[in-house]
Amino acid sequence: MKKIIFAAIVAITLVGCGHSKQGLSFNPNDGQEAELTMPNGEVVKYTAYEHLYYVKNVEDTAYQYLNVYVPEGATRSTPILLRTYIGGYMAAKARGPQAGDATGRALKEGYVVVIPGSRGRNSVQDSTYTGRAPKGLLDLKAAVRYLRLFDREMPGNAERIIIDGTSAGGAMAALVGATGNHPAYNDMLAAMGAAKEKDDVYAAVCYCPITDLEHADMAYEWLFNGTSSRQRSAQLLPISNQLKEQFPNYINSLNLKDWDGNPVTADNYIDLLRKELIRSAQTAKNAGADISDTLGFSFNEERMGGMPPINGGKKMALPTMRAPQPQRGEYVVGLDIQRYLNYVANTQPLKTAPAFDTKGVLGQRASAENEEFGGADGSSVNFTVYSAYKNGKDLPKEVVDNVYLMNPMNFIGEMEATDGKSKAKSEHTLAPHWYIRHGARDRDTGFPVPLNLALKLNEAGCDVNFIFAWNRPHSGDYALDELFGWLKSIM
Ligand code: DHB
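From a predicted model like this one, the values you see are computed outputs, not experimental measurements.

Analysis parameters
- All residue numbers here refer to positions counted from 1 along the written sequence of the relevant chain.
- Restriction of local features to residues with pLDDT of at least 70 applies here, the model being predicted, together with a cutoff of 80 or more for giving and counting side-chain atom pairs; totals for whole chains, interfaces and linings are based on all residues.
- To obtain the side-chain values, all non-hydrogen atoms of the structure were used and water was disregarded.
- Note on definitions: salt bridges are taken to be side-chain nitrogens of Lys or Arg within 4 Å of carboxyl oxygens of Asp or Glu.
- The way it works is that DSSP assigns letters per residue, a run of H or I at least four long becomes a helix, a run of E at least two long becomes a strand, and they are numbered from the N terminus.
- Burial classification: accessible surface area is computed with a 1.4 Å probe over protein chains only, and a residue below 20% of its type maximum counts as buried, one above 50% as exposed, and the rest as partly exposed.
- Paired rings are identified among Phe, Tyr and Trp, the last through its six-membered ring, by centres lying within 6.5 Å, and are further divided according to the angle between planes into stacked (under 30 degrees), edge-to-face (over 60) and tilted (the rest).
- Pairs of N or O atoms within 3.5 Å make up the polar contacts considered here, provided that, within protein, one atom can donate a hydrogen while the other can accept it, and that residues adjacent in sequence are counted only when both atoms are side-chain atoms.
- The contact rule is simple, with two residues in contact once any of their heavy atoms fall within 4.5 Å.
- Axis angles are defined between N-to-C directions and span 0 to 180 degrees, where every axis is a line fitted to C-alpha atoms and, for a helix, only to the segment in contact.
- Any angle that falls under 35 degrees is termed roughly parallel, while one over 145 is termed roughly antiparallel, one within 65 to 115 roughly perpendicular, and all others oblique.
- Amino acids outside the nonpolar list (Ala, Val, Leu, Ile, Met, Phe, Trp, Tyr, Cys, Pro) and the charged list (Asp, Glu, Lys, Arg) are all regarded as polar, and Gly is one of them.
- Whether two strands pair comes down to DSSP finding at least two bridges between them.
- When we say a residue is near a molecule or strand, we mean one of its heavy atoms is within 4 Å of it.
- Areas reported as accessible are Shrake-Rupley estimates using a 1.4 Å probe. Residue values count occlusion only from the protein chains shown.
- Note: pLDDT gives the predictor's confidence per residue, expressed from 0 to 100.
- A helix is expected to span 1.5 Å for every residue after the first.

**Student:** How should the pattern of salt bridges be read in this particular structure?
**Tutor:** Pairing between side chains of opposite charge can happen when the charged atoms of each approach one another. By the definition in use, this model includes 21 salt bridges. Taking the shortest distance from any N to any O, the salt bridge between Arg-145 and Asp-199 comes out at 2.9 Å. In this pair, Arg-145 is assigned in helix H3 (residues 135-149) and Asp-199 in the loop between helix H5 (186-192) and strand S11 (203-207), connecting sequence segments 54 residues apart. A relative accessible area of 1% means that Asp-199 is categorised as buried. Of the charged contacts in the structure, one is a salt bridge between Lys-397 and Asp-401, with a shortest N-O distance of 2.5 Å.

**Student:** Explain the packing of aromatic side chains to me, please; I cannot follow it from the model alone.
**Tutor:** Working definition: an aromatic ring pair is given by the centre-to-centre distance plus the angle between the planes. Following the criterion strictly, the structure yields 24 aromatic pairs and no others. Between Tyr-220 and Phe-356 the ring centres are 6.5 Å apart and the planes differ by 90°, which places this aromatic pair in the edge-to-face class. With a gap of 136 residues between them, Tyr-220 in helix H6 (residues 213-224) and Phe-356 in the loop between helix H10 (337-347) and helix H11 (368-372) connect regions that are remote in the sequence. The same class applies to Tyr-220 as to Phe-356, namely buried. Geometrically, the ring pair formed by Phe-297 and Trp-470 is edge-to-face, given 5.6 Å between the ring centres and 70° between the ring planes. Taken as a pair, Phe-297 in strand S14 (residues 297-300) and Trp-470 in the loop between strand S17 (463-469) and helix H16 (480-490) lie far apart in primary sequence, 173 residues in all. Judged by relative accessible area, Phe-297 falls into the buried class, the value being 5%. Residue class for Trp-470 comes out buried when judged on its relative accessible area of 17%.

**Student:** Where do I start with the side chain of Arg-121 in this structure?
**Tutor:** Assignment of secondary structure puts Arg-121 in the loop between strand S7 (112-116) and strand S8 (124-125). Look at Arg-121 and you get buried, because its relative accessible area is 14%. Here Gly-88 takes part through its backbone oxygen, which lies 2.7 Å from a polar atom of the side chain of Arg-121. Polar side-chain contacts of Arg-121 include one of 2.8 Å to the side chain of Glu-371. Residues within four places of Arg-121 in sequence aside, it is in contact with Gly-88, Tyr-89, Met-90, Ala-91, Tyr-129, Gly-131, Arg-132, Ala-368, Glu-371 and Glu-372.

**Student:** It is not clear to me how the packing of H6 against helix H8 (residues 237-254) should be interpreted in this structure. Could you clarify?
**Tutor:** When two helices pack together, you describe them by how their axes are tilted relative to each other and by the distance separating the axes. In the contact formed by H6 and H8, the axes pass within 7 Å of each other and the chain directions differ by 110°. Put simply, H6 runs roughly perpendicular to H8. Of the residues in H8, those in contact with His-215, Asp-217, Met-218, Ala-219, Glu-221 and Trp-222 of H6 are Ser-240, Leu-243, Lys-244, Gln-246, Phe-247 and Tyr-250. Partitioned by chemical class, the residues of the contact of H6 with H8 number 6 nonpolar, 3 polar and 3 charged.

**Student:** Explain the pairing of strand S4 (residues 43-53) to me, please; I cannot follow it from the model alone.
**Tutor:** The two faces of a sheet get side chains in turn, since along a regular strand they alternate between them. By the bridge criterion, 6 bridges tie strand S3 (residues 32-37) to S4 in an arrangement that is antiparallel. Along S4, the bridge assignment pairs Leu-36 with Val-44. What sits between the antiparallel neighbours S3 and S4 is a turn of 5 residues, in which Gly-41 has the positive phi angle 90°. Across 6 bridges, the pairing between S4 and strand S5 (residues 65-71) is antiparallel. Pairing of Tyr-49 across the sheet is with Val-68, part of S5.

**Student:** Quick question: what am I supposed to make of the site of the ligand here?
**Tutor:** All residues adjacent to the ligand are Gly-87, Gly-88, Ser-167, Ala-168, Ile-210, Lys-351, Phe-356, Glu-369, Asp-444 and His-474. A distance of 2.5 Å separates an oxygen atom of the ligand from a polar backbone atom of Gly-88. Here Ala-168 contributes a backbone N or O atom positioned 3.1 Å from an oxygen atom of the ligand. When the free accessible area of the ligand is taken as 290 Å², the share hidden by the protein chains comes to 81%. When its residues are assigned to classes, the shell around the ligand shows 3 nonpolar, 4 polar and 3 charged.

**Student:** Looking at this structure, I do not really get the sheet that holds strand S6 (residues 80-83). What am I missing?
**Tutor:** Through backbone hydrogen bonds, the strands of a sheet pair up, either in parallel or in antiparallel fashion. As summarised here, the arrangement of the 9 strands in space is S3-S4-S5-S7-S6-S10-S11-S16-S17, forming an open sheet in which the pairing is mixed. In this open sheet, the two strands that pair with only one neighbour each are S3 and S17. Across the sheet, the mean angle from the axis of one strand to that of its neighbour is 20°, orientation sign disregarded.

**Student:** I tried to follow the confidence of the model for the chain on my own but got confused; where do I start?
**Tutor:** Any segment with low pLDDT has predicted coordinates that should not be analysed in fine detail. Per-residue confidence for the chain gives a mean pLDDT of 92; residues scoring 70 or more make up 89%. This model gives residues 308-321 a pLDDT under 50, and the stretch forms 31 contacts once residues within four places in sequence are excluded. Across residues 415-419, where pLDDT falls below 50, the model places 14 contacts with residues more than four positions away in sequence or in other chains.

**Student:** Where do I start with unusual backbone geometry in this structure?
**Tutor:** Glycine aside, a negative phi is what most residues show, and trans is what most peptide bonds show. With an omega dihedral of 5°, the bond running from Ala-133 to Pro-134 counts as a cis peptide bond. Residue placement: Pro-134 occurs in the loop between strand S9 (128-129) and H3. Going from Ala-353 to Pro-354, the amide bond is cis rather than trans, its omega being -5°. Structurally, Pro-354 can be placed in the loop between H10 and H11. One non-glycine residue, Gln-22, lies in positive phi territory at about 50°. Take Gln-22: it is sitting in the loop between strand S1 (19-21) and strand S2 (24-26).

**Student:** Just to check I follow, could you spell out the environment of Ser-380 for this structure?
**Tutor:** Looking at the secondary structure, you find Ser-380 in the loop between H11 and helix H12 (385-390). Here the alpha-carbon distance between Ser-380 and Glu-369, two residues 11 residues apart in the chain, equals 8.4 Å. Of the polar contacts made by the side chain of Ser-380, one reaches the side chain of Lys-359; its length is 3.0 Å.

**Student:** Teacher, can you tell me more about H8 here?
**Tutor:** Quick reminder: α-helices carry 3.6 residues per turn. Residues three or four places apart thus point the same way. Taking 1.5 Å as the rise per residue, H8 with 18 residues should run 26 Å; its terminal C-alpha atoms sit 26 Å apart, in good agreement. Listing the buried residues of H8 in full gives Leu-237, Ile-239, Ser-240, Leu-243, Phe-247, Tyr-250, Ile-251 and Leu-254. Count one or two residues on from H8 and you reach Asn-255, which has phi positive near 50°.

**Student:** Hey, could you run me through the packing of helix H9 (residues 269-286) against helix H15 (residues 448-459) in this one?
**Tutor:** In the contact formed by H9 and H15, the axes pass within 12 Å of each other and the chain directions differ by 95°. When the axes of H9 and H15 are compared, the pair comes out roughly perpendicular. On H15, the residues touching Tyr-269, Leu-272, Leu-273 and Glu-276 of H9 are Pro-448, Leu-451, Asn-452 and Leu-455.

Written out as structure tokens, the structure reads:
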């Protein structure tokens, strides 16, 4: 009898409290049944586990937890879509699945969906800013560790986590993908009471990542300097000219290779960009898009050897054959880049110069990024040598360190080997699969930023699916058929 009572108490305790490890908990019996109506009227049923704190030492109760949504039929081998709603480097709430974006689609496709909250540049507790860099990233890494800690207890496979984000969230997805298990973050994660687990992920889906922040200003001016918008601005042009001059050295320092393995340098970078934009236009044209003659592209009925490879040259897809149009031709064979960039700048006015590290230059106000690298007192700071110098200052070491930790480019390929910070290289794990998109008329960061990220990852041996998405402005979670087709192909 005693034995039965004891067993009953154990059983009730397990059912009531769920599992607790390292001061973190998950209760598989705590789920709430719910449903989501998709845009086509289809109803998707799922079980919701909400408000799961992913660190032991919660500093900001409003953000440091995650929600898990398990569709009917999910098992322990089901992939997990981890969607961050970070935008503008701000704090993001852990919300519910949305019928119109990748979370709803993922549930419908049978994926487990996880939506973590995370601190950001605007999160405050008791007049302390809780989420300045790299705190938002640390929160996402802690969320991944939590999923790994409870991998056995929770439906979904923590070895198949796909992180998805847009813009600043795309940058965060790139960071989570590039910094898996990297020791540079270990002490900070330990101090937060994050699970002692790995934090690498299987795939990163990065829409228009606002990343490589310390080089984004030079990339922007190198790209847009020749537009009439910049040329007409007597005030911004001198800044633009100076920043533009810095880009070639940076490009040459990256030792990039194109998809075919040919060296990419400052001298041929514009050719690469032209090819990539032609690839974007050709892909859209093959799918039926009508591309205006006014944008700068030229067309031909013959390929003229100019058609760049589809999908990084890996999976060569020949353009579909349609009846030739006598005037313009099926093939996009050339591009007047200046004309195209003027078109981009006309669809939405360019950012100011500098585009990111704005604070104090020409008396301008702090940007989102100036705040992201600012202090817990709510201050904003310069984070590039250029803008600091313009303000007669040096960059404090703390800022330099944070900028380093917030740039995925530092953790990909041989840059890591030469910087002396790669002691535990064996633990460091890059996500093996990458889906990177940047709109072909997105002017929130320069085209080289996402392209360099993609090429660097490709060179490091990752599977990279990259394209400038035709006619897309700054946006994310689009072309979901394509995204989910790709996800299926990597599972
Ligand atoms: C975002 C957009 C920006 O232009 C920027 O500088 C930072 C973040 C965003 O949409 O997240």
